[in-house]
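# Analysis of the macromolecular model
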Amino acid sequence: NDTHKYTPSLSTSVLYPFKLPGPWISVFGQYPLDQFTAANGTTLAARNPTYDSNFTWTGDTADFDVQSNKLRANVAAARKSAVLDFGESDCRLGVRLTLAATGQAGIVFRYVDADNYSIAYANRGAGLLRISDIAAGVETVLDSQAITFGASESLMLLYLHGRTALLHLCRCLSQLL
């Protein structure tokens, strides 16, 4: 019926000619993955993601480099972002974070340009988990939650669907992996 909402019943069925809800269909796509396995000092500008090299890092790529197979900002600046645009707006994103005592990092999404995007981030110094919009370079906080950070690495997961963003920070990464 080309509406993709209902499935016609079989003509031999007792439900014929009624239409039934269509079957649930899950489509899984592969998103790029970067494990940052490169020599220390390799900048994002000099590399592609570990898996699916059809994508390239954009943004402030010279301001990030690999150190001990982890990505780090190599300059002290107010706000820097590196973006791996894979063309999906509804998706699940994740990142492993190891933050310094006053560090902050997160996931950029709904990216338009360097001054217009949304970001979900953890600010260890302020003890906050936050989702914000950046418009014309000005941050508008959409939601903020006080959080106590553990001593080890954390896993940040962001689920995006339409106008909904669900953010989760797991401080027990060693138990998950």
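Residues numbered from 1 in each chain as written. Predicted model: local features only at pLDDT ≥ 70, side-chain atom pairs only at ≥ 80, totals over all residues. Heavy atoms only, no water.

## Points about the nonpolar core
- Counting 26 residues, the largest nonpolar core has Leu-93, Met-156 and Leu-158 as the members making the most contacts within it.
- When contributions to this core are tallied by element, the ones reaching two or more residues are β4 (64-67), β7 (91-97), β8 (104-113), β9 (116-123), β10 (128-135), β12 (154-161) and β13 (164-170).
- Excluding its chain neighbours within four sequence positions, the residues that come into contact with Leu-158 are Cys-91, Arg-92, Leu-93, Ile-107, Phe-109, Ala-120, Ala-165, Leu-166 and Leu-167. (Core = buried A, V, L, I, M, F, W, Y, C linked by side-chain atoms within 4.5 Å. Buried < 20%, exposed > 50% of the residue type's maximum accessible area, 1.4 Å probe, protein only. Helix = DSSP H or I, 4+ residues; strand = E, 2+ residues; numbered from the N terminus. Contact = heavy atoms within 4.5 Å.)

## Considerations on the side chain of Arg-47
- Note on placement: Arg-47 falls in the loop between β2 (19-21) and β3 (58-59).
- What makes Arg-47 buried here is its relative accessible area of 12%.
- Within polar-contact distance, the side chain of Arg-47 engages the side chain of Asp-34 at 2.6 Å.
- Leaving out residues up to four positions away in the same chain, Arg-47 has contacts with Asp-34, Phe-36, Thr-37, Ala-38, Thr-42, Trp-57 and Val-66. (Polar contact = N/O pair within 3.5 Å; in protein donor to acceptor, adjacent residues only side chain to side chain.)

## Things to note about the pairing of β9
- With respect to burial, β9 is a largely interior element, seven of its eight residues being buried.
- Of the pairings in the sheet, the one linking β8 to β9 comprises seven bridges and is antiparallel in character. Pairing of Gln-104 across the sheet is with Asn-123, part of β9.
- In this structure, the hairpin formed by β8 and β9 is closed by a connection of two residues.
- Hairpin connection, β9 to β10: the antiparallel pair is bridged by four residues, and Gly-127 has positive phi, about 65°. (Pairing = 2+ DSSP bridges.)

## Focus: the confidence of the model for the protein chain
- Summarising the model, the protein chain shows a mean pLDDT of 79, and 79% of its residues fall at 70 or more.
- Across residues 173-177, where pLDDT falls below 50, the model places seven contacts with residues more than four positions away in sequence or in other chains. (pLDDT = per-residue confidence, 0-100.)

## What about the pattern of salt bridges?
- Scanning all chains against the criterion turns up four salt bridges.
- The partner of Lys-80 in a salt bridge is Asp-63, with the nearest N and O atoms 3.1 Å apart. Here Lys-80, found in the loop between β5 (70-73) and β6 (82-83), pairs with Asp-63, found in the loop between β3 and β4; they are 17 residues apart in sequence, far enough to count as distant.
- For Asp-90, the salt bridge goes to Arg-110, with nearest N and O atoms at 3.9 Å. Taken together, the residues span a long stretch of sequence, with Asp-90 in the loop between β6 and β7 and Arg-110 in strand β8 at a distance of 20 residues.
- Residue classification places Arg-110 among the partly exposed residues on the basis of a relative accessible area of 32%. (Salt bridge = Lys/Arg side-chain N within 4 Å of Asp/Glu carboxyl O.)

## Points about the environment of Trp-57
- By the secondary structure assignment, Trp-57 is in the loop between β2 and β3.
- Here Trp-57 is in contact with Asp-34, Phe-36, Leu-44, Arg-47, Pro-49, Ala-82, Val-83 and Leu-84, once residues within four sequence places are set aside.
- In terms of polar contacts, Trp-57 uses its side chain to reach the side chain of Asp-34, at 2.9 Å.

## A closer look at the side chain of Thr-61
- Structurally, Thr-61 can be placed in the loop between β3 and β4.
- Beyond its immediate chain neighbours, meaning those up to four positions away, Thr-61 contacts Thr-43, Leu-44 and Ala-45.

## So, unusual backbone geometry
- Backbone geometry places Arg-110, a non-glycine residue, at a positive phi of 50°.
- One non-glycine residue with positive phi stands out, namely Ala-136, at about 55°.
- Note on placement: Ala-136 falls in the loop between β10 and β11 (138-146).

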